[in-house]
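Descriptive structure summary
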Amino acid sequence: MSARLMKKVLNEQHHLPQHVSEEEEENDSESITRSSINLFDLLNDHDSEPENQGDELMSTEETLARNNDKEESSWSKPISGVSTSSLKSKKKKKKKNKDSAVANKTEGEKELDLILEGLSLNVNSASEQPISTKDKNKSAKLHTASILQVDPKYLNAENELRRIFGSKVVKSFESSSQASSSRQMRGVRGRGHYTLKSVLVTPSDNWLRCEDSLSMQFLEIKNGYNYFRYVHSPSYSQTQRAFEAAKAINDINGIASILQHRPYHIDSLLTMAEYFAVLGEQQMSADAIARCLYALECAWHPMFNPLQGNCQLKFRHDTNKPIFTALFTHMNNLDRRGCHRSALEVCKLLLSLDSDDPMGAIFCIDYFALRAEEYAWLEKFSEEYKSDNSIWLFPNFSYSLAICRFYLEREACKDASMNAEKASSSDLMKQALMLHPSVIKKLVAKVPLKDRTWTDILKHAFFRSDQTGIPSQDHLINIYVERNYLIWRLPDLQKLLSGAAKLVIETLENNKSEVKDWACVRKEAFSSEKNEYGHLLVSDFSDSHSSIPRENLQQFMGVPRMMEGVQDENQFANLPGNGHAPRGVANRNALAVLFESMLPWVTYEDREDGGPDDGNQHDDHRQDNQ
């Protein structure tokens, strides 16, 4: 530090001898040795090397004394000679130093620019070189993983409801529901359960703690993707065999009894969710799906982070199949609640878990993007997502991309560059009609479209039929119409569709060879021999649910003799964490108990002495009702 101060003062006086540089080097070296030596370390080592320690201490003291003398001499000389002229020269010197520093910066930036230009030339030259197929596949998978990244803040449906209706409306609804549940809880002793935080769903306070009988196993890393699968413990496998036995005889009561002892058994929850949906109990069905997703998330591996889009759970593993069913059902439940952005995020997660897309998420992701008004993202997704076929050949993307471009043109109507670079919405809609002409007749019947212009359009031979003759294409068209028909109730989109249909009719009248050309495109895009998407049911993409009266479901309650082997509690007695059913549940109908357990104000537990008995509970309920 003293050498730096001495150099600054000598520069102010314009007297800088040549031997100063040598002294600076000596002082720097001395200061380094001084800072590098720790005197306390030397004192601690006196037992091992006393002679060396004494020499080092003597040399250290001499060095400190020499430096102190030089500091005193350096401070004593300039103080007497400092004047106002030296201060002025100091200010001038600072300005010069600033100017020189700025000049050095500009020169350095110029040098950096030259280097960057050279690097960019190298990059361009490297990009001109042929790229191997492996590199192409890796880049395609990286693009796919990035476009399918899930934003966790949009997974929460309650947050989206607050954005739609406002926080005041949601809070008032929650307070009213809590007040009603608190009135129902009189006479029932509740018990607090500590649930883990979840990304997919929001756990309720009355949920039990999740078991550790379900886990996840890491398999391998391949092409930048981490592969996992779910693993069942021996106790969980035993419960799974009991479920299969109850499922084989269509015994809903047997499955409900399994959930009494194993409340987070995945397949049982999925079955009961489907059963509640058939009965019309949509809230109970959604609650069973939420519990299922919570249990599946609690079993995640520490390395499993599906929100990044680089984790794979292959559907071919039987233990992985339930999470696809649960996510698909949860996605549809969010859509029915009007939470389209949350449904879009779940759809992205579902599509990223298996590149083979076993649930057909690619055929509804465009619908959720349009309903959530994510038009720019949908165009980006269609450009970056890679699959076996070109994505715009699918019926849903052929029409949805035209709708997407229509709304983007509205948002940027003054931007002429966009219209020059990309095709217009009318051109895209015209291509969609040429490739999938039977869509228009199905939409007229499904929406419905009753205007006279549609009858005139359907009179043309090109739009007269509602079948293309290709099984896979007709199946995908049926899925698209069932999923997306609500969008076509908007008048602006009806005008876009009718205008494009009239353009198609004019084009075909002028050039009849267009019909054969587009027929060849359809045959190449879709196989006429087999229906590759036959495993996808059209009803799974529908908003409507067909309900069945309870009287017609008596056959699924199970035969009494066969139920004895399924509902035997002894098969659950040896399972860890599971014993007999709680005292308030014993000797009761399992399905009725399961219905009650879905209610947040009902808590079943083994009561100790002094707790309220069942009679008091019923008396309290009678008083509340009165």
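Criteria and cut-off values
- Residues numbered from 1 in each chain as written.
- Predicted model: local features only at pLDDT ≥ 70, side-chain atom pairs only at ≥ 80, totals over all residues.
- Heavy atoms only, no water.
- Pairing = 2+ DSSP bridges.
- Helix = DSSP H or I, 4+ residues; strand = E, 2+ residues; numbered from the N terminus.
- Axes fitted to C-alpha atoms, helices over the stretch in contact; angles between N-to-C directions.
- Salt bridge = Lys/Arg side-chain N within 4 Å of Asp/Glu carboxyl O.
- Buried < 20%, exposed > 50% of the residue type's maximum accessible area, 1.4 Å probe, protein only.
- Contact = heavy atoms within 4.5 Å.
- Phe/Tyr/Trp six-rings, centres within 6.5 Å; stacked < 30°, edge-to-face > 60°.
- Lys NZ or Arg CZ within 6 Å of the ring centre and 35° of its normal.
- Polar contact = N/O pair within 3.5 Å; in protein donor to acceptor, adjacent residues only side chain to side chain.
- Patch = residues over 30% accessible without salt bridge, like charges linked within 9 Å, V, L, I, M, F, W, Y side chains within 5 Å.
- Areas by Shrake-Rupley, 256 points an atom, 1.4 Å probe, with all protein chains shown as cover.

Quick word on the pairing of strand β1 (residues 214-222)
Summarising the sheet, β1 and strand β2 (residues 225-232) pair through 8 bridges and their orientation is antiparallel. Bridging across to β2, Met216 finds its partner in Tyr230. In this antiparallel pair of consecutive strands, β1 and β2, the connection spans 2 residues, and Asn223 shows a positive phi of 55 degrees.

Some remarks on the sheet that holds strand β3 (residues 311-313)
Spatially, the 3 strands line up as an open sheet ordered β1-β2-β3, and their pairing is mixed. Two strands lie at the open edges of the sheet, namely β1 and β3, each paired on one side alone. Averaged over neighbouring strand pairs, the angle between their axes works out to 35 degrees when direction is ignored.

A word on the pattern of salt bridges
Applying the stated criterion across every chain yields a total of 15 salt bridges. Note that Lys422 is salt-bridged to Glu379, the shortest N-O span being 3.2 Å. On the criterion of sequence distance, the pair formed by Lys422 in the loop between α18 (416-421) and α19 (425-435) and Glu379 in helix α16 (residues 375-384) is long-range, its members being 43 residues apart. Within this structure, Arg341, Glu345, Lys348 and Glu374 form a network of salt bridges that share partners.

What about the environment of Ala372?
Secondary-structure assignment places Ala372 in the loop between α15 (365-371) and α16. When its relative accessible area of 18% is taken as the criterion, Ala372 is described as buried. C-alpha separation for the pair Ala372 and His340, spaced 32 residues apart in sequence, amounts to 5.4 Å. Not counting residues up to four positions away in its chain, the partners in contact with Ala372 are His340 and Arg341.

A short note on the packing of aromatic side chains
Considering all chains together, one arrives at 20 aromatic pairs under this definition. Judged by centre distance (5.2 Å) and plane angle (85 degrees), the ring pair of Phe228 and Phe304 falls under edge-to-face. Within this pair, whereas Phe228 is found in strand β2, its partner Phe304 is found in the loop between α12 (282-298) and β3, the two being separated by 76 residues in sequence. In this structure Phe304 comes out as buried when scored by relative accessible area, which is 5%. Ring geometry for Phe406 against Tyr407: centres 5.4 Å apart, planes inclined by 75 degrees, an arrangement best described as edge-to-face. Like Tyr407, Phe406 is buried. By the ring-pair criterion, three or more aromatic residues cluster together here, those being Phe218, Phe228, Trp300 and Phe304. Positioned above the aromatic ring of Tyr154, the side-chain terminus of Arg341 is 3.8 Å from the ring centre. Positioned above the aromatic ring of Tyr485 is the side chain of Lys446, whose terminal nitrogen or guanidinium carbon lies 5.0 Å from the ring centre.

Details of α19
Because each turn of an α-helix spans 3.6 residues, side chains separated by three or four positions in sequence point in the same direction. Among all positions in α19, only Ser425, Leu428, Met429, Ala432, Leu433, Met434 and Leu435 are buried. The inward-facing, buried residues of α19 contact α17 (395-411), α20 (439-446), α22 (471-484), α23 (491-510) and α24 (513-525).

Quick notes on the pairing of β2
Note: β2 against β3, 3 bridges, orientation parallel. By the bridge assignment, Phe228 is partnered in β3 with Leu313.

Overview of the side chain of Asn206
Looking at the element boundaries, Asn206 is found in the loop between α8 (167-184) and β1. Taking relative accessible area as the criterion, Asn206 reaches 19% and is therefore assigned buried. A polar side-chain atom of Asn206 sits 2.6 Å from a polar atom in the side chain of Ser204.

With respect to the side chain of Ser398
By secondary structure assignment, the location of Ser398 is in helix α17. Accessibility expressed as a relative area gives 7% for Ser398, which makes it buried. For Ser398, the side chain forms a polar contact with the main-chain oxygen of Phe394, separated by 2.9 Å. The contacts of Ser398, once residues within four sequence positions are left out, are Trp392, Leu393, Leu428, Ala432, Leu435 and His436.

Considering unusual backbone geometry
Cis geometry marks the peptide bond from Val447 to Pro448; its omega dihedral reads -5 degrees. Position of Pro448 relative to the elements: it lies in the loop between α20 and α21 (452-458). The phi angle at Asn223 is positive, at roughly 55 degrees, despite the residue not being glycine. Within the secondary structure, Asn223 sits in the loop between β1 and β2. With phi around 55 degrees, Asp357 is a residue other than glycine that occupies positive phi space. Along the chain, Asp357 turns up in the loop between α14 (340-353) and α15.

Digging into a nonpolar patch on the surface
Together, Ile164, Phe165 and Val169 make up an exposed nonpolar region whose accessible area comes to about 290 Å². Tracing the backbone shows Phe165 in helix α7 (residues 157-165). On the basis of relative accessibility, which here comes to 52%, the residue Phe165 falls in the exposed class.

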